[in-house]
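What follows is each chain in one-letter form.
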Amino acid sequence: LRAIQENALPTPEELTTLQEVKSAAPDTPFAVPEQYLLAVGAIPAVRARIQGAQFVQSYAERVDYLREGLEQFCAACVACDTSEALRVVLGVILAVGNVL
């Protein structure tokens, strides 16, 4: 889909030029690439549709990537919450700070 978006979609300038040529000479046949660009350019919101398809296609991969980091963060939070040694160290730090 990325290759289509980058290489196979007409830019607005190309589409305008093709439409101008088509309206100036409606009987002149276009070659296959120009016909393709006109047909694709006629699809409403074609770039947004392809971007949406790309998002849907890569969604599971993104979720898995984020899930791994979130699980590590949750494990660190649980470890901090249940660690008796951390409580002792923080208590000592607090006591030293109160003395100073």
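Computed from a predicted structure; not experimentally measured.

1. Digging into the nonpolar core
Line of reasoning, step 1. If you look at the biggest cluster of nonpolar residues, it comprises five residues: L15, L18, F30, L37 and L38.
Line of reasoning, step 2. Those elements that place two or more of their residues in this core are α2 (12–24) and α3 (32–41).

2. Description of unusual backbone geometry
What is expected of a backbone is that most residues other than glycine have negative phi and most peptide bonds are trans.
Line of reasoning, step 1. Positive phi, normally seen in glycine, also occurs at A45, with a value near 55°.
Line of reasoning, step 2. Examined against the element boundaries, A45 turns out to sit in the loop between α3 and α4 (46–82).

3. A look at the packing of α2 against α3
Line of reasoning, step 1. In the contact formed by α2 and α3, the axes pass within 10 Å of each other and the chain directions differ by 110°. Our classification of the angle between α2 and α3 gives roughly perpendicular. Between α2, through L15, L18, Q19 and K22, and α3, the contact on the second element is made entirely by E34, L37, L38 and G41.
Line of reasoning, step 2. Along the lines of polarity and charge, the residues of the contact of α2 with α3 split into four nonpolar, two polar and two charged.

4. Some words on the pattern of salt bridges
Line of reasoning, step 1. Tallied over the full model, the rule gives one salt bridge.
Line of reasoning, step 2. R67 serves as the salt-bridge partner of D64, at 3.4 Å between the closest nitrogen and oxygen. With a gap of three residues between them, D64 and R67 both fall in helix α4, about one helical turn apart.
Line of reasoning, step 3. Overall, the relative accessible area of 45% leaves D64 in the partly exposed class.
Line of reasoning, step 4. Accessibility expressed as a relative area gives 42% for R67, which makes it partly exposed.

5. Looking at the environment of I50
Line of reasoning, step 1. Structurally, I50 can be placed in helix α4.
Line of reasoning, step 2. Each C-alpha atom, one on I50 and one on Q5, is 6.9 Å from the other, the two residues being 45 residues apart in sequence.

6. Regarding α3
Line of reasoning, step 1. L37, L38 and V40 are the residues of α3 that are buried.
Line of reasoning, step 2. Next to the buried residues of α3 lie α2 and α4.

About the cut-offs
- Residues numbered from 1 in each chain as written.
- Predicted model: local features only at pLDDT ≥ 70, side-chain atom pairs only at ≥ 80, totals over all residues.
- Heavy atoms only, no water.
- Core = buried A, V, L, I, M, F, W, Y, C linked by side-chain atoms within 4.5 Å.
- Buried < 20%, exposed > 50% of the residue type's maximum accessible area, 1.4 Å probe, protein only.
- Helix = DSSP H or I, 4+ residues; strand = E, 2+ residues; numbered from the N terminus.
- Axes fitted to C-alpha atoms, helices over the stretch in contact; angles between N-to-C directions.
- Parallel < 35°, antiparallel > 145°, perpendicular 65-115°, else oblique.
- Contact = heavy atoms within 4.5 Å.
- Nonpolar A, V, L, I, M, F, W, Y, C, P; charged D, E, K, R; others polar.
- Salt bridge = Lys/Arg side-chain N within 4 Å of Asp/Glu carboxyl O.

Functional significance is not addressed by these values, which are geometric in nature.
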